[in-house]
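Examining the three-dimensional arrangement
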Amino acid sequence: MRADLEIIQEWIQPHTRLLDLGCGDGELLRHLTEHRQVTGYGIENDHDNITACIRKGVNVIEKDIDEGLASIEDNSFDTVVMTQALQVMHRPDQTIDEMLRIGKECIVTFPNFGHWRARGYLAFRGLMPVSKFLPYTWYDTPNIHFCTFKDFERLCVERNIDILNRTVVDNAHQHSWWTNLWPNMLGEIAIYRITR
Amino acid sequence: MSTYPEDSVGLVAPQQLEFDTPLELACGRTLERYTLMVETYGELNADASNAVLICHALTGHHHVAGFYEGDRKPGWWDSAVGPGKPIDTNKFFVVGLNNLGGCHGSSGPQEINPATGEPFGPDFPLMTVPDWVESQARLADRLGVQQWAAVIGGSLGGMQALEWSIRFPERLRHCVVIASAPKLSAQNIAFNEVARQAISKDPAFHDGHYYAQGDVPKTGLMLARMVGHITYLSDDGMREKFGREMKAGKLSFDFNPQFEVESYLQYQGERFSTAFDANTYLLMTKALDYFDPAAEYGDDLATALQRAQAKFMIISFSTDWRFSPERSREIVDALVKADQSVCYAEVDSPQGHDAFLIPIPRYMDTFRAYMQRIADDIPRSTTGDV
């Protein structure tokens, strides 16, 4: 399993109801269904991923998250998860508001644009960062709203969002003492558990 | 000798099954005895756990797949049913039937009314989707099927599948609802009413007793089909298929059909008017109008679906405006609210409502993946082959 998913699944209580926004091939949901008796749905709009979910026996609903989650009732899920999709949202702040409306708790992961490598790329080359982890050029990237950890935490303060847990990992999804020491510079992926 | 494609079920033949246990209908009347025209493909396994029921749409019937002797065209859903196709006849025992009130061999308006010695005509009781599902449950009993591996349908067929999941929760493991809706909109009913008026106002209709007159309301049926057909296609699809192409290449300044789309619709209408029964058409459109499974549950579909035990697959098509993706999403939202297991796919296609009968690659991939899941859920034989 993808390492960020490995971390997330430990934050999810058994027998709870989960909504996974941008669920990919359904890996997290399948794991949680099998090992933690979690029930729930994945929301996805990539056709191959949808087919992969169906093959895995994961409940997947085709939907564009940007078009809204209004049909889902308030507080109808214990946890709403969104991994590595915040930066492709049209309005990430509104998506987070919706997640917090639907779920009692939310888990969000996103790439940190404040990582030293991204800063260095821009500072020294004068070009938008392209890396193995973020392989797109500026004109074809689906990642339209990059933020840093600091940006995200500022949003949380502005919107009265409580941060329950926070962890940062490098791109191999490993924790290490140095990423915790200076997360906004050294952490590549942020994982937040939030509520309101 | 004719040969059939490898992925075809090949030469098939229907069978007429007689039922003599009275069937009480929603309208308050009772069918004392009735006939169902049925066609099956594949083999029922030892514990009868691999049976799939295919429910037909407005003008469908029991001939789902394969060929009749001498026919060049296969059954109406041959694209999806056959060896190696999404509804794989190597894995499933597939059952198609003509619904009651139909005109393809099941009891319907054309049948002789024993009380009068004349065809029932308009006196055949109005059938509802729940009535059909009851009759299909009797058919399942007859076939020895306690629980369907899946009940599958498109359009009006999808409504029957949905009704199955609510009415007989324990008798199906999966419910596949394609290009359907939880109930008709005012616009849907309006189109049906235009079709019904076209038929009943045709002088050849004779208040539904046209059989005795040796007459057929061909004009009415043709108009009904033409208006229906427009709702099955999309604006984009029609533009793509016909555009403003003219048969003669120039305007003729008279009222004869000149645009390709006009002659296409007329051709479709005329062909239909000799192949379908007017009373059946009226009855089937009424069944559509009346369908509303939430009505008995305080008009809340989620409450109705809370009873269901099946897992659901819902599919819609982007340019379908008869039963648009929004209508399928209503079903999906209700299922999520009811905490039911559901997958939903919205297939991009220019073909409008008709898309559900067309083997669009992404549709077939998704459908196949879900059917595999249904196959995986077939319990391992307990009786076992030794």
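Let me sum up the structure you'll find in this document. Please read all numbers here as calculations on a predicted model, not as lab measurements.

Considering the overall build of chain B
When helices and strands are counted, chain B shows ten helices and 14 strands. The C-alpha radius of gyration of chain B comes to 21 Å, within 12% of the 21 Å expected for a compact globule of 386 residues. Reported as C-alpha extents along the three principal axes, the dimensions of chain B are approximately 75 × 55 × 50 Å. Relative to its 386 residues, chain B shows a buried fraction of 57%. Long-range pairs, those at least 24 residues apart, make up 72% of the contacts in chain B with a sequence separation of at least 6. Counting only carbon and sulfur atoms, one obtains 51% of the accessible surface of chain B, whose full area is about 16,400 Å². Averaging the positions of the 33 positive and the 51 negative side-chain charges in chain B gives two centres separated by 3 Å.

Comments concerning the packing of aromatic side chains
All names here are of chain A. Evaluated as defined, the whole model comprises 23 aromatic pairs over all chains. Ring plane angle 80 degrees and centroid distance 6.1 Å describe the contact between Phe-110 and Phe-149, whose orientation is recorded as edge-to-face. Taken together, the residues Phe-110 in strand S5 (residues 103–111) and Phe-149 in helix H6 (residues 149–158) connect sequence positions 39 residues apart. Pair check on accessibility: Phe-110 and Phe-149 agree, each one buried. Seen in terms of ring centroids, Phe-110 and Phe-152 are 4.9 Å apart; in terms of plane orientation they differ by 45 degrees. Their pairing is tilted.

Let's talk about unusual backbone geometry
We note that Asn-160 of chain A has phi near 55 degrees; this positive angle belongs to a residue other than glycine. Judged by its relative accessible area of 59%, Asn-160 of chain A is exposed. If you check the backbone angles, Ala-48 of chain B has positive phi at about 50 degrees while not being a glycine. Within the fold, Ala-48 of chain B resides in the loop between strand S4 (34–41) and strand S5 (51–55).

Notes on the side chain of Thr-366 of chain B
If you trace the backbone, Thr-366 of chain B turns up in helix H10 (residues 361–376). Using a relative accessible area of 0% as the deciding quantity, one classes Thr-366 of chain B as buried. What Thr-366 of chain B contacts, discounting residues up to four positions off in sequence, is Thr-51 and Ile-54 of chain A together with Met-313 and Ala-345 of chain B.

Overview of the interface of chain B and chain A
Each partner contributes residues to the interface: chain B has 20 residues there, and chain A has 17 residues. For the pairing of chain B and chain A, the buried interface totals around 1,600 Å² over both sides, and the portion due to carbon and sulfur atoms is 51%. Summed over the shared surface of chain B and chain A, the result is three salt bridges. The partner of Arg-17 of chain A in a salt bridge is Asp-339 of chain B, with the nearest N and O atoms 2.7 Å apart. Along the contact surface separating chain B from chain A lie eleven residue pairs in polar contact (both at pLDDT 80 or more). Counting residues per element, the side of chain B that touches chain A draws most heavily on H10 of chain B, at six residues. Of the residues that constitute the side of chain B that touches chain A, the class distribution is ten nonpolar, three polar and seven charged.

Topic: the environment of Ala-85 of chain A
Within the secondary structure, Ala-85 of chain A sits in the loop between strand S4 (77–83) and helix H4 (92–102). For the pair Ala-85 of chain A and Asn-143 of chain A, spaced 58 residues apart in sequence, the C-alpha to C-alpha distance is 8.3 Å.

Observations regarding the nonpolar core
Residues Trp-148 and Tyr-281 of chain B are the most contacted members of the largest nonpolar core, which totals 109 residues. Split by domain, this core shows at least three residues from each of two domains, domain 1 (15–183 + 294–385) and domain 2 (190–284) of chain B. Setting aside anything within four residues of it in sequence, one finds Trp-148 of chain B in contact with Ala-51, Val-52, Leu-53, Val-95, Gln-136, Ala-140, Leu-143, Trp-164, Arg-171, Leu-172 and Arg-173 of chain B. Counting residues in each nonpolar core, the second largest holds 59 residues, with Leu-5 of chain A together with Cys-343, Val-347 and Met-371 of chain B among its members.

About the criteria used
Numbering of residues begins from 1 in every chain and follows the order in which that chain's sequence is written. A letter from A marks each chain and a number from 1 marks each ligand, given out in the order of writing. Local features in this predicted model are restricted to residues whose pLDDT is 70 or higher, and side-chain atom pairs enter the listing and the counts only when it is 80 or higher, whereas totals over whole chains, interfaces and linings include all residues. Excluded from the side-chain calculations are hydrogens and water; all other atoms, namely the structure's heavy atoms, are used. Every helix listed is a DSSP run of H or I at least four residues long, and every strand listed is a run of E at least two residues long, numbered separately from the N terminus. Each radius of gyration reported is based on C-alpha atoms, and the globular scaling rule is 2.2 Å times the count of residues to the power 0.38. Partly exposed residues are those whose accessible area sits between 20% and 50% of the maximum for their type, while under 20% is buried and over 50% is exposed, using a 1.4 Å probe and protein chains only. Between two residues, a contact is recorded if the distance between any of their heavy atoms is within 4.5 Å. Using the Shrake-Rupley algorithm and a 1.4 Å probe, accessible areas are obtained, with residue cover drawn only from the displayed protein chains. Neither His nor the chain termini are counted; the positive set is Lys and Arg, and the negative set is Asp and Glu. Throughout, a charge is located at the NZ atom of Lys, the CZ atom of Arg, the CG atom of Asp or the CD atom of Glu. For this analysis, a ring pair means two rings from Phe, Tyr or Trp (six-membered ring only for Trp) whose centres lie within 6.5 Å, classed as stacked if their planes differ by under 30 degrees, edge-to-face if by over 60, and tilted for the remaining angles. Two parts placed together each lose some accessible area under a 1.4 Å probe, and adding up what both lose gives the buried area. Between Lys or Arg on one side and Asp or Glu on the other, a salt bridge is scored when a side-chain nitrogen of the former is within 4 Å of a carboxyl oxygen of the latter. Polar contact criterion, stated in full: a pair of N or O atoms within 3.5 Å, where within protein one must be able to donate a hydrogen and the other to accept it, and residues adjacent in sequence count only if both atoms are side-chain atoms. Under the convention adopted here, Pro, Cys and the residues Ala, Val, Leu, Ile, Met, Phe, Trp and Tyr are nonpolar, Asp, Glu, Lys and Arg are charged, and Gly plus all remaining residues are polar. Buried Ala, Val, Leu, Ile, Met, Phe, Trp, Tyr and Cys residues that are joined via side-chain atoms within 4.5 Å together make up what is termed a nonpolar core. These domain limits were set by an automatic method or by a database of domain assignments.

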